Amino acid sequence: MTRSRLFYNSSIIRQNLRQHGWIGILYTLALLFIFPLQILMNGYRFTEPMEIPQLFNIGIEIAPFLIAFPIGAGLFLFRYLQSKMPSDLWHSLPLRRSHLLASHTLSGLLLLLPPVWITAAVAAIIRPLDGIMYIYNAADVWEWCLTVSLLTLFLFVFTVFVGICTGQTILQGILIFILLILPAALLQFIDMHLNRYLYGYPEWSGLQNILNNWAPLLRIMDLSIEPLTSAEAWIYAVLSVVFIALSFLLYRKRHSEKSGQAMAFTYFNPLFKGGVMLCSMLLASLYFGTGRNQLGWIIGSTLVGGLIGFIAVEMILRKTWHIMTRKLPLEFAVYGVLLGLLLYVPVSGLTGYEDRVPQADKVTAVYAGGNYRELTQNPQGHNTWMEPEENIYSTDREYIKAVTAMHHAVVASRPDPRNTPQYDYTGNRQFTLAYKLESGRKLVRTYIVPAKGFEPELKSVMEKEDFKREKYYLAQLDQEMESFRLSYLDKVYSISEPQDVKEFNEILKRELLNRSYEDQVSDLRALASIQYVVKQNSNSNQIFYSYEWYPSYREMTAWLKQKGYADKIKYTAQEVLSAEMFKDEHQSEIPASQIYDPEKRLQLARSEKRSAVITDQTQINSILEHQRAFTRLGEKYIVKIEYKGGTINYVSLDERDMSPALRALLP
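Since this is a predicted model, take the numbers as computed values, not measurements.

Parameters at a glance
- Per chain, residue numbering runs from 1 following the sequence as it is written.
- Given that the model is predicted, a residue must reach a pLDDT of at least 70 before its local features are reported, and side-chain atom pairs must reach 80 or more before they are shown or counted; all residues, however, enter totals for whole chains, interfaces and linings.
- Only hydrogens and water are removed before side-chain values are computed, so all heavy atoms of the structure are retained for them.
- In this text, helices come from DSSP runs of H or I with a minimum length of four residues, and strands from runs of E with a minimum of two, each type numbered from the N-terminal end.
- A radius of gyration in this sense is built from C-alpha atoms; the matching globule rule multiplies 2.2 Å by the number of residues raised to 0.38.
- A 1.4 Å probe rolled over the protein chains alone gives each residue an accessible area, and that area as a share of the maximum for its type sets the label: buried under 20%, exposed over 50%, partly exposed in between.
- The contact definition used throughout considers only heavy atoms, calling two residues in contact when any of these lie within 4.5 Å.
- Note on areas: Shrake-Rupley, 1.4 Å probe, and residue coverage restricted to the protein chains presented here.
- Note on charges: Lys and Arg go in the positive column, Asp and Glu in the negative column, and His and the chain ends are not counted at all.
- A single reference atom marks each charge: NZ on Lys, CZ on Arg, CG on Asp, CD on Glu.
- The start and end points of each domain follow an automatic or database-based domain assignment.
- Note: two strands are recorded as paired if DSSP finds a minimum of 2 bridges between them.
- Structural elements are reduced to axes, namely lines fitted to C-alpha atoms, with helices fitted over the stretch in contact, and the angle between N-to-C directions of any two is expressed from 0 to 180 degrees.
- Counting of polar contacts relies on pairs of N or O atoms within 3.5 Å, with two restrictions inside protein: one atom must be capable of donating a hydrogen and the other of accepting it, and residues adjacent in sequence are counted only when both atoms are side-chain atoms.
- Every case where a carboxyl oxygen of Asp or Glu lies within 4 Å of a side-chain nitrogen of Lys or Arg is listed as a salt bridge.
- Pairing of aromatic rings covers Phe, Tyr and Trp, the last counted by its six-membered ring, and requires centre-to-centre distances within 6.5 Å; plane angles under 30 degrees mean stacked, over 60 mean edge-to-face, and any other angle means tilted.
- Look at NZ for Lys and CZ for Arg. If either is within 6 Å of the ring centre and within 35 degrees of the ring normal, a charge sits over the ring.
- For the purposes of this section, nonpolar cores are sets of buried Ala, Val, Leu, Ile, Met, Phe, Trp, Tyr and Cys residues that join through side-chain atoms within 4.5 Å.
- Given a helix with a known number of residues, its expected span is that number minus one, times 1.5 Å.
- Angle categories are assigned with fixed cut-offs, so that under 35 degrees is roughly parallel, over 145 is roughly antiparallel, 65 to 115 is roughly perpendicular, and the rest are oblique.
- Handedness of a crossing follows from how the near helix is turned relative to the far one, being left-handed for an anticlockwise turn of less than a right angle and right-handed for a clockwise one.
- Gly is put with the polar residues, along with every residue not named as nonpolar or charged; the nonpolar set is Ala, Val, Leu, Ile, Met, Phe, Trp, Tyr, Cys and Pro, and the charged set is Asp, Glu, Lys and Arg.

(A) Structural context of the overall build of the chain. Summing up its helical and strand segments, the chain has 25 helices and 13 strands in all. On C-alpha atoms alone, the chain measures out to a radius of gyration of 34 Å, which is more than a quarter above the 26 Å that the 2.2 N^0.38 rule sets for 667 residues. Residue burial in the chain is summarised as follows: out of 667 residues, 48% are buried. At a minimum sequence separation of 6, the contacts of the chain that also span at least 24 residues come to 75%. Summed over all atoms, the accessible surface of the chain reaches about 33,600 Å², with 59% contributed by carbon and sulfur. In the chain, the 66 positive side-chain charges and the 63 negative ones have mean positions that sit 12 Å from each other.

Okay, here's the thing in structure tokens:
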């Protein structure tokens, strides 16, 4: 073989095509099978052709093939780098390393890109044929071809780059998949770490929507849901150029003796060790911290995780499990301290994150409530109802003062939600506080705020109109309504008269805006659920939320009675088969495994002759009007109601709900 005047050597390319041509043939067949052939096979004689948003929705998922072939081609073509004899042979040829790299890279591109172009050409040729089920144009084919070509190029040159940095084919393959998913995984680990140990860190930081974009492997799997944007295409193109350039740069400095070693460049070793140790420390800390959220377990699990990662890296780098040397403990201590500080400092009080509350006069707009995620998220591939983010913020100065005051109170006392009984679902409120500051920055915090001890602060926020507008999604009620559907147990009735729909909609808005703090934290059961139906010309993918008809809605109750709708949906004593009441006490006599079973409590009350059967219809109607959600909190009155339709409900009554006649029934 002679030195070539060109930047590549044609003999090497021919040799590679003869030896590895099967990769290109299989890639061509696979792409033809999953794309144009599926277009032809999915045609039905009596089915009208349909338009599709993009060609990645057709046929079999392309991601496994798009990932496997470029990476496989890179592994096979550059395997000579990882074995001593082939490496010595190739590097003894009278060719510069740049010629070798260029020739093998061109060989890979000749194996991988023509199959993509052939497939796109076939898809374009069959487009006008009769019997094709899908309607697509040349621009769609061009977009498919460009995306697949770009991702094929990126995956291949990334495989080449990793191969030059490593000295073992198996490690090269493993590292490729780890690195292609590492950005998203690391972001997820860090997000979970901050969420677990940093008070006020948003439970949902919005990372879920962008994680896939940070991991090429996950992004490729989402192609059928969301195609590449122009910005992403440019990013992959630039990254491909960068990896090609780095490959040429590093290959010139790579020693052929590094074949068989884990890392070809020793200056990558600290980064490799640190990265593996950091991931294992985060994993161990999160895993054991979930079950045992105690300081000893957290520190111990982090140390153990770091030690396991350190030992694993040392064994990989040295290719032996005999790794113990005198310097090893000191080296582990240095890595452990540095990485420990890296994990500890962000969640410590040194940053001031947990105590940071903006001054009210520095805030230009604020959001407070538990619906921040639902109002701002836009899952990939789903056209959900989402209010413009600007609309969920309030610029009302009084509201901003109320929110910052509540924020100050929460930060000062740091309530622990574990101190509130889990079964008392009215006791805690999750609040996301999102501020827009004068500086242009946004500050977001999430807290679980217990009602007990924070009544004044919660009342001042929850009774503001801006709070209720977002909590109850009032913007949805501004859509053009077709009807309202009321339901309770097995009763269903629709209000569809246009004038009634309009009036009911306005009443519902007023009732929601007029809800007091006490109404909002009350456990009174609803008289019916309310679902609304919008006009058909609205977006069919929208998400709708249900509302409730509460006894405290006096205007709505009066209107429904006046229109005769209340009688069609509301249950009365005539429809109750039986009602049995008892005072919920002596819970300690019930086995812990059955403490949530209301029937067991009733049986205990019967055995102690503490229950009473209610037969008076006036008293039953009173119970139906004042019924509250069943709870295991003590000192409540529990009523078992069996309806004539067979439905059985357990409801609670407070002391204030008990009339003298009703109380007199109990022994």
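(B) The domain arrangement of the chain, seen in detail. Taken domain by domain, the chain holds domain 1 (10-265), domain 2 (363-470), domain 3 (475-568) and domain 4 (573-664). Averaged C-alpha coordinates put domain 1 and domain 4 at centres separated by 65 Å.

(C) Structural view of the sheet that holds strand S3 (residues 363-369). Spatial ordering of the open sheet is given by S3-S4-S5, a layout of three strands whose pairing is antiparallel. In the strand order of this sheet, the two ends are held by S3 and strand S5 (442-450), each with one partner. Across the sheet, the mean angle separating the axes of adjacent strands is 20° when strand polarity is ignored. The strands touched by helix H17 (residues 455-462) are S3, strand S4 (428-437) and S5; relative to S4, the strand with the most contacts, the crossing angle is about 60°.

(D) The environment of Ser529, seen in detail. By the secondary structure assignment, Ser529 is in strand S8 (residues 528-534). Among the residues examined, Ser529 registers a relative accessible area of 22% and is labelled partly exposed. Considering only alpha carbons, one finds Ser529 and Tyr488, 41 residues apart in sequence, at a separation of 6.4 Å. Excluding anything up to four places from it in sequence, Ser529 contacts Arg485, Leu486, Ser487, Tyr547 and Glu548. Looking at Ser529, its side chain comes within polar contact range of the side chain of Glu548, at 3.4 Å.

(E) Expanded view of the pattern of salt bridges. Summed over all chains, the structure comprises 27 salt bridges. Taking the shortest distance from any N to any O, the salt bridge between Glu599 and Lys640 comes out at 3.5 Å. Taken together, the positions of Glu599 in helix H23 (residues 598-607) and Lys640 in strand S12 (residues 637-643) put the pair 41 residues apart, joining distant regions of the chain. What you see here is one network of salt bridges that share partners, running through Asp523, Arg628, Lys636, Asp654, Arg656 and Asp657.

(F) The arrangement of the packing of aromatic side chains in detail. Here the structure, examined in full by the defined rule, presents 29 aromatic pairs. Judged by centre distance (5.7 Å) and plane angle (85°), the rings of Tyr550 and Tyr553 are edge-to-face. Relative accessible area serves as the criterion here: at 2%, Tyr553 is assigned to the buried category. Three or more aromatic residues joined by ring pairs form one cluster here, namely Phe154, Phe158, Phe161, Tyr236 and Phe243. Here the basic side chain of Arg97 rests over the ring of Tyr251, its NZ or CZ set 5.3 Å away from the ring centre. Looking at Arg445, its charged tip hangs above the ring of Tyr353, at a distance of 3.6 Å from the centre.

(G) Broad picture of the nonpolar core. Trp144 and Phe156 are the most contacted members of the largest nonpolar core, which totals 75 residues. The set of elements that each furnish at least two residues to this core consists of helix H1 (10-34), helix H3 (63-77), helix H5 (97-125), helix H6 (138-165), helix H7 (169-197), helix H9 (216-221), helix H10 (230-253) and helix H12 (295-318). With 16 residues, the single largest contributor to this core is H6. Residues in contact with Trp144, not counting those within four places in the same chain, are Phe35, Leu55, Phe56, Ile62, Val116, Thr119 and Ala120. If you look at the next biggest cluster of nonpolar residues, it comprises 57 residues, including Ile392, Tyr550, Ile569 and Tyr643.

(H) A look at H12. Helix length check: H12, at 24 residues, gives a terminal C-alpha distance of 34 Å against a target of 34 Å (1.5 Å per residue), a fit within 8%. The set of residues buried in H12 consists of Ile298, Ser301, Thr302, Gly305, Gly306, Gly309, Phe310, Val313, Glu314 and Leu317. Where H12 terminates, the next one or two residues include Lys319, which has phi positive at roughly 60°.

(I) Inspection of the environment of Phe35 at higher detail. You can see Phe35 is positioned in the loop between H1 and helix H2 (36-41). On the basis of relative accessible area, Phe35 is assigned to the buried category, the value being 2%. In this structure the C-alpha to C-alpha distance between Phe35 and Phe454, which are 419 residues apart in sequence, comes to 60 Å. Discounting chain neighbours no more than four positions away, the residues touching Phe35 are Leu55, Ile58, Thr119, Ala123 and Trp144.

(J) A look at the pairing of S12. Most of S12 sits out of view: six of its seven residues are buried. Taken together, the seven bridges between strand S10 (residues 576-583) and S12 define a ladder with antiparallel strand orientation. Each residue of the ladder has a partner; that of Lys583, found in S12, is Tyr637. Counting the residues in the hairpin turn of S12 and strand S13 (residues 648-653) gives four residues, including Gly646, whose phi is positive at 105°.

(K) Unusual backbone geometry, seen in detail. The phi angle at Tyr473 is positive, at roughly 50°, despite the residue not being glycine. In this fold, Tyr473 is placed in the loop between helix H18 (465-471) and strand S6 (481-488). Judged by its relative accessible area of 7%, Tyr473 is buried.

(L) Structural view of the packing of helix H16 (residues 397-413) against H17. Axis separation between H16 and H17 bottoms out at 9 Å; the angle between their running directions is 155°. As the angle between them shows, H16 and H17 are arranged roughly antiparallel. Crossing geometry of H16 relative to H17 is assigned as left-handed. Of the residues in H17, those touching H16 at Tyr399, Ala402, Val403, Ala405, Met406 and Ala409 are Glu457, Leu458, Ser460 and Val461. Of the residues that constitute the contact of H16 with H17, the class distribution is eight nonpolar, one polar and one charged.

(M) How the structure looks around the sheet that holds strand S11 (residues 611-614). With respect to topology, four strands assemble into an open sheet ordered S11-S10-S12-S13, the strand pairing being antiparallel. Two strands in the sheet have a free side with no partner beyond their single neighbour: S11 and S13. Neighbour-to-neighbour, the strand axes of the sheet open up by a mean angle of 20°, direction not taken into account. Bridge count for S10 against S11 is four bridges, and the pairing is antiparallel.

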